[in-house]
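# Residue-level structure breakdown
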Amino acid sequence: MKRLCATVLIMEAIVLGLSIPVAVQINHLSPHTAGLTSGIAAVGAVVLAGLARRVLPATLIGGSLLQLFVIASGVVVPAMYFLGGIFAALWTIGIWLGYRVEHATGH
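Owing to the predicted nature of the structure, the values given are computational and were not obtained by experimental measurement.

### Focus: the overall build of the protein
Scanning the protein from N- to C-terminus turns up four helices and zero strands. Secondary structure elements of the protein, listed N to C terminal, follow the sequence α-α-α-α. Counting only C-alpha atoms, the protein reaches 50 × 25 × 15 Å along its principal axes. The 107 residues of the protein split such that 34% are buried. Expressed as a percentage of contacts within the protein between residues at least 6 apart in sequence, the contacts between residues at least 24 apart total 67%. As displayed, the protein offers around 6400 Å² of accessible surface, 76% of which is attributable to carbon and sulfur atoms.

### Details of the environment of Leu-83
Within the secondary structure layout, Leu-83 lies in helix α4 (residues 79–105). For the pair Leu-83 and Val-70, spaced 13 residues apart in sequence, the C-alpha to C-alpha distance is 8.0 Å.

### Some points on unusual backbone geometry
Phi at His-28 takes a positive value of approximately 55 degrees, unusual for a residue other than glycine. Judged by relative accessible area, His-28 falls into the exposed class, the value being 66%.

### Brief notes about the nonpolar core
Leu-9, Leu-16, Ala-45, Leu-66, Val-70, Met-80 and Trp-91 are the most contacted members of the largest nonpolar core, which totals 23 residues. For this core, the secondary structure elements donating two or more residues are α1 (2–25), α2 (31–51), α3 (56–72) and α4. Per-element tally for this core: the top contributor is α1, with eight residues. Setting aside its immediate chain neighbours within four residues, Val-70 contacts Glu-12, Leu-16, Met-80 and Gly-84.

### Quick word on α1
Between its first and last C-alpha, α1 extends 36 Å over 24 residues, near the 34 Å set by a 1.5 Å rise per residue. The largest bend along α1 measures about 25 degrees and falls at Ser-19, with the proline Pro-21 one to four residues further on. Residues Cys-5, Ala-6, Val-8, Leu-9, Glu-12, Ala-13, Leu-16, Ser-19, Ala-23 and Val-24 constitute the buried set of α1.

### Notes on the packing of α1 against α3
Two quantities define a packed helix pair, namely the angle between the helix axes and the distance between the axes. Where α1 meets α3, the closest approach of the two axes is 11 Å, and the angle between their N-to-C directions is 30 degrees. As far as their axial angle goes, α3 and α1 are roughly parallel. Note on packing geometry: the crossing formed by α1 with α3 is left-handed. Together, Lys-2, Cys-5, Leu-9, Glu-12 and Leu-16 of α1 and Leu-56, Thr-59, Leu-60, Gly-63, Leu-66, Gln-67 and Val-70 of α3 make up the contact between the two elements. The class makeup of the residues in the contact of α1 with α3 is seven nonpolar, three polar and two charged.

Parameters at a glance
Per chain, residues are indexed from 1 in the order of the written sequence. Local features in this predicted model are restricted to residues whose pLDDT is 70 or higher, and side-chain atom pairs enter the listing and the counts only when it is 80 or higher, whereas totals over whole chains, interfaces and linings include all residues. Hydrogens and water are ignored here; the side-chain numbers use all heavy atoms of the structure. In DSSP terms, a helix is any run of H or I states spanning at least four residues, a strand is any run of E spanning at least two, and both are numbered starting from the N terminus. Only protein chains enter the area calculation, which uses a 1.4 Å probe; residues under 20% of their type maximum are buried, those over 50% are exposed, and those in between are partly exposed. By definition in these notes, contact holds between two residues if any of their heavy atoms fall within 4.5 Å. The accessible surface values rely on the Shrake-Rupley method and a 1.4 Å probe; as for residues, cover is taken only from the protein chains in view. To define a nonpolar core, start from buried Ala, Val, Leu, Ile, Met, Phe, Trp, Tyr and Cys residues and group those joined through side-chain atoms within 4.5 Å. By definition here, a helix of n residues has an expected span of 1.5 Å times n minus one. Throughout, the bend at a residue refers to the angle made by two axes, fitted to the seven residues ending there and to the seven starting there. What counts as an axis is a line fitted to C-alpha atoms, over the stretch in contact for a helix, and the angles between N-to-C directions run from 0 to 180 degrees. For classification purposes, angles smaller than 35 degrees are called roughly parallel, those larger than 145 roughly antiparallel, those between 65 and 115 roughly perpendicular, and all remaining angles oblique. Note on convention: near helix rotated counterclockwise from far helix by under a right angle means a left-handed crossing. Clockwise means right-handed. All amino acids are sorted into three groups, where Ala, Val, Leu, Ile, Met, Phe, Trp, Tyr, Cys and Pro are nonpolar, Asp, Glu, Lys and Arg are charged, and the leftover types, Gly among them, are polar.

Structure, rendered in structure tokens:
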């Protein structure tokens, strides 16, 4: 489960970083606002991915809150509703699959 969650968070950090120019060009946000908002979320995702090995329960809570934040950011950048929904689904599936695999092998 740790590896799946960390992978989803790293991929999400990449997408969040790539959303900055979209927010600036398409949604006409200031570069500062777009960079600060997406940058903080991307850094949060990377930090949570790093914590997944040591503090999985905190990562699960923090990652779930991050998913809600990314979906809520659709208010400012409508494409984030879609992307946030995709990553929330991946996050949920990663937790579910990780739980099933860990309990099937007895770990």
